[in-house]
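# Descriptive analysis of the structure
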Amino acid sequence: MDTRIKKMAQLLDSDQVLEEAGLTQKSSLQGVHPPWHDFTTSHPGSDNGLLVTHSSKIHDPLRVQMKKVQSEKVQTSEEWLRNYSLESLQLTLEHLVDEGNIILNSRNGVEEIEFTEETVTDFESRLSEVIELYQQRIQWLLQDSRKVFGLIKGTKVGLLVDVSHVSCRPRLLDFQKDLFCLIDEQLCYKKQLYCLSFSAEMSPLWESPKNINVHVLHEARQWIKQLEPGRGCNLLKGLKHVFTMKELNSLVLIIGSCPDQSSEILSDYAQQCMLGRKLHLHAVAYDCSSPSSLAVLKNLAEAVRGRYHCYSSKGENFDSSDFQLLLQESRKAKDLLGSIKQTFQGRIGDSLIGRIADVSTEFASTAPCNFFPKPPKHEGPLVIQTPCVLAKTSKEWLKTYGLKAKKLNLYQVLAPSAFSPVEEFVPILKKTVSSTLHEKAMIQFEWYDGTVKNIHVDLPVLYNYQKLLVKMVRIYEKRIDWLSVASRRIWGSVCERRVVILVDVSVTNSMYIIHIQHSLRLLLEEQMSNKDCFNIIAFGSDIVPWQLELVPSQPENLQKAWRWVLSLQCKGSRNLMSALRRAVEIDFKDKDKHKSQGLYLLTTGIPDQETHTVSAYVAEVCRGFDLQLHVCLFSVMEEVDSNGIIPARYANPTETAIAFKEIVQRANGRFHWFGEAGIFESDDITIIVSEMEKANKYSQKCAFLVESLKQRSVNQSVKTFIPEGDPNVLTKKEKRRPQKLPSPKPTALSLARMYIKDNHDAEKNASRRVQTWRPTSAKAEIPPGPVYQKYPKVTCIRKSVPSVTLPNKEEICSSKEWLLKYSIKKLKLELPRLLFGPGCIHQRKTVALLHKKVSAKYCTVFPSVEIDGVVKHLQFHPKELEIYTEQLEKVLRCYIERIQWLLSGSRRLFGTILEANVCLLIDTSGSMDPYLPHIMKELTSLIWEQLRKNKVRFNLLRFAENTETWKECLVEATDETCHNAVQWVSTFHAHGNTCTLMALQKALSFQGIEALYVLTDGKPDTSCSLILTEVERLRKKQDIKIHTISFHCADRGANEFLKKLASQTGGRYHCSFGDVDGQLAAHRMLTEGFDDEDDPVFPYFEGDDLKKLTQEVAKARGFLKQAKSLRIKF
């Protein structure tokens, strides 16, 4: 008997003995029970059907191989498929073709493959068995703790449990019960275990991992019983702690809420810590309804090549990396089986003959696979809900609940207490003088129109206003939560009374037909019952309406519509224009007679028609009528369908979103973009977030007013009250020297007489400020002499910290142009200008009576600091410094992200291509030989990443001792031309000298050229000054910029020539030296923060773009360090 069959028999005998003894195994994949296992406890039965295909043909080697798996250790789907994939089992189309015989048809001369009936039948049989095997594996994964937490890999496991989501008692009990199952069914078979719970703080069970035994498992169970809910989900803190445990080889994260840190921060940190370590990460989203948390965990697992598992007790959002791999392999097997049956259907005889072309078309006529897990009661009748009120768009909703509608606009609240500064013309001074009332009783505040008002701050009013703002923000948060759940997460809020639903059922959606049907079910159940009438139109290449016209939204009609939805099949392309025409011309043929009409489009990709065509049509049909088109874009986040189906038109998710935004804008509708990870963008949510940001801005301004008033109150001098009868005070009073009574204040007449008497020489004392006497008689002459009056100086207006607005995506422009909009100076964040005005200088004046210099009164009130040898006072509040620090860190982060962008992709070597008509000149002289393969690779990346993406007209030119151009003129960047360009680049070879002048002369002769990009590694063969002179002469005909790129050039003279050439022509100089150190420094700054000004630092970049940005970063870090040091002085 075969050795494998003997082993199988021994295993079955062993199982039978255990069963007869009354002992049940946890899992047949785990092998022998650990010695501390309690066999008296009842557990689920063994997984005998896990990986075994029951069949009477036990001698079939394939079946024996399948049964052998039952004695193997636990494997992930990826490991398991190494032995049981179609490729490993030799069940692909190529293997079937190899079993046939190629023959030549004598009648038509066509090559055909001949198969015996036994060969095809045996291949179909084996495919059916493999499909059953995959189904059993999937069913096993959906049992017990594997359904909740997935399959735990590794022998030394670290368990991180998030307890921020278990706030209610029933949820906590369910969570504890599932954790008990995890320990009893999987973790008890490991060698070591480490447990840690976390929310905002951590709570480890042990100081280090423990070897598993009965006592350790008991402590783990007790720890689970004592879990308490917490606030916050500081996953980064938990990871920092557990990564110090070097003994672990597996890390299990169980998260129930959204982590406090972003996906990028967590992924970057995990990648750094796991680099070089054999540590497997398994991320589990436990019963979590937040789409953002699912996305964070999935990205984290994919970043470190780990696995993820998403579990929901309601059966929604179930996802698993193990599960998806099996689904994909099972889908391939089913599609191949269907193709074989269709190809050889109806053939008679001992031999089956088919054309090679027919057999090789594997997926041509395969029905879409519906193997995805369906939600509970998916095919059951609808559970229709009746909404209490008609839904509103967020724009309409804010007309009732917005800050302006609630009269909570800050300027509305402050208006009764706001006064404009009074300015009057003083004739005697011959100028306009401002009042100084605000210095004594009011706070100066910048109004919304840019003017400055004097505000009387009423603290109770502001405190009550801030409470109302907090209340409104909570209402807005509830609105966003409401818009992010149930059918509104997919469709947004359906507001119109007459509704037509357009559903994309093109063939590219075959994998997602269950998602589409479930989305329609939620809509019909939750939002359609209170509408007047509705219809559903499914479209692929053909248009399939449910009804010929709109029907009333009655329960029986909704149920009929759902049964029709269940029969939908995906086929054809995406003919959106025909679907729109059908809806507008038939369902909305009387659109001018009705109000509140809406089209809701659910789609996954770009339509077959051009965007401008669809936009023009919807603008025409919606103009002048109460009809809107709303788009619900379901982003599957895949460039091409996994079945290999390419749509008629293709665009990546971002380009698709931009196209539909344009269409929606022309149709006065709303745009809603979502995916399996959650909502990416929604017009309804965006407008609410904008209102929340406005409330936050108002709250910050209120805090500034309150802080200003408090600071003024603290700075007022208060006279000390001395109680009578204090002996110490009496003693001090007795020791005082007797003081003369002050002389009475002289009148104006007395001053005049004293002036005449004591000062015979009036010219020598003209600086003394007196007011000459004027007789009471109106007719009397005024004695000669100057009139002086002391007027207070107009104080400078204090500058508040501006709120910066930064770009959401990187702009294609030079750093010089970019910094004209986003530099520290342009954003008004220069610290000295904000902190120190003319009135901040430390004043010390000589007092004649005291014979010494005395500081001004305010010197003891305001903190002082020495700036460039001059002592100045801070007239900034601590709150303002905190706001400044926050704004500056935000700007710094934007700078560093742009530096990372400049150091990524083809921009690292070539810089950024700015113009629309360019020519690239590549040095292929002999000195470039070691670097040419790298340059060809980067040039290929440049062609696709920048030229094709940005639709740049271009040409290529290589130069050594001679020049050679790719084309004779500039060409459009299409797929075909880019492929040809890449093919031409692959023929580069290094030889000869460097004739730079000849290359520039040839490139400058192209018609319509705007800029040249010259890459070289050294000096040209001809004189540098000759080249500069000749280029200047040629550029007189047309203004062409020349951007130079220095590649591995250590010659200072050559680099100086390239700098001069770029500067003389208005171009930029670029050098990729230091790119690796720059990327590392940028990454460290974003992860570690900006506390240390000296570490990390960017290397010295010689290229213009990077040099200007790093200089601005250094300037901003200096201001940030100074602001933090000033904050300590308060």
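Our structure's up above, just so we're on the same page.
All values reported here derive from a predicted model rather than from experimental measurement. (Residues numbered from 1 in each chain as written. Predicted model: local features only at pLDDT ≥ 70, side-chain atom pairs only at ≥ 80, totals over all residues. Heavy atoms only, no water.)

### Regarding the overall build of the chain
In terms of helices and strands, the chain carries 37 helices and 34 strands. Burial analysis of the chain (1130 residues in total) assigns 47% to the buried set. Counting only contacts in the chain whose residues sit at least 6 apart along the sequence, the fraction spanning at least 24 positions is 77%. (Helix = DSSP H or I, 4+ residues; strand = E, 2+ residues; numbered from the N terminus. Buried < 20%, exposed > 50% of the residue type's maximum accessible area, 1.4 Å probe, protein only. Contact = heavy atoms within 4.5 Å.)

### A short note on the packing of helix 5 (residues 117-141) against helix 12 (residues 321-343)
Where helix 5 meets helix 12, the closest approach of the two axes is 10 Å, and the angle between their N-to-C directions is 155°. The pairing of helix 5 with helix 12 is recorded here as roughly antiparallel in orientation. As helix 5 runs across helix 12, the sense of the crossing is left-handed. Note on element contacts: helix 12 touches helix 5 through D322, F323, L326, L327, E329, S330, A333, K334, L336, L337, I340 and K341, opposite V120, F123, E124, L127, S128, I131, Y134, Q135, R137, I138 and L141. (Axes fitted to C-alpha atoms, helices over the stretch in contact; angles between N-to-C directions. Parallel < 35°, antiparallel > 145°, perpendicular 65-115°, else oblique. Left-handed = near helix turned anticlockwise from the far one by under 90°.)

### Here's the deal with the packing of helix 9 (residues 235-242) against helix 10 (residues 263-274)
Where helix 9 meets helix 10, the axes come as close as 11 Å, and the angle between the chain directions of the two elements is 5°. On the basis of their axis angle, the class for helix 9 and helix 10 is roughly parallel. Contacts from L235, L236, L239 and K240 in helix 9 reach I265, L266 and Y269 in helix 10.

### Regarding the nonpolar core
If you look at the biggest cluster of nonpolar residues, it comprises 38 residues, and the most contacted ones within it are W818, I824, L829, Y884, L888, V891 and F1098. For this core, the secondary-structure elements that each account for two or more residues are helix 27 (815-822), helix 29 (878-902), helix 36 (1075-1088) and helix 37 (1104-1127). With 12 residues, helix 29 is the single largest residue contributor to this core. Counting 35 residues, the second largest nonpolar core, distinct from the first, contains L382, F534, W562 and F634. (Core = buried A, V, L, I, M, F, W, Y, C linked by side-chain atoms within 4.5 Å.)

### Some thoughts on helix 14 (residues 394-401)
Here helix 14 has its buried residues at S394, W397 and L398. The arc that holds every buried residue of helix 14, seen down its axis, measures 100°, which confines them to one face. Every exposed residue of helix 14 that faces more than 90 degrees away from the buried side is listed here: K395 and K399. (Arc of directions from axis to C-beta.)

### Describing helix 22 (residues 611-622)
Taking 1.5 Å as the rise per residue, helix 22 with 12 residues should run 16 Å; its terminal C-alpha atoms sit 16 Å apart, in good agreement. Of the positions making up helix 22, those classed as buried are T611, V614, S615, Y617, V618, A619, V621 and C622. Residues of helix 22 that are buried sit in contact with helix 21 (576-587), strand 22 (627-635) and helix 23 (653-666). Remark: G624 follows helix 22 within two positions and exhibits a positive phi of approximately 85°. (Expected span 1.5 Å × (residues − 1).)

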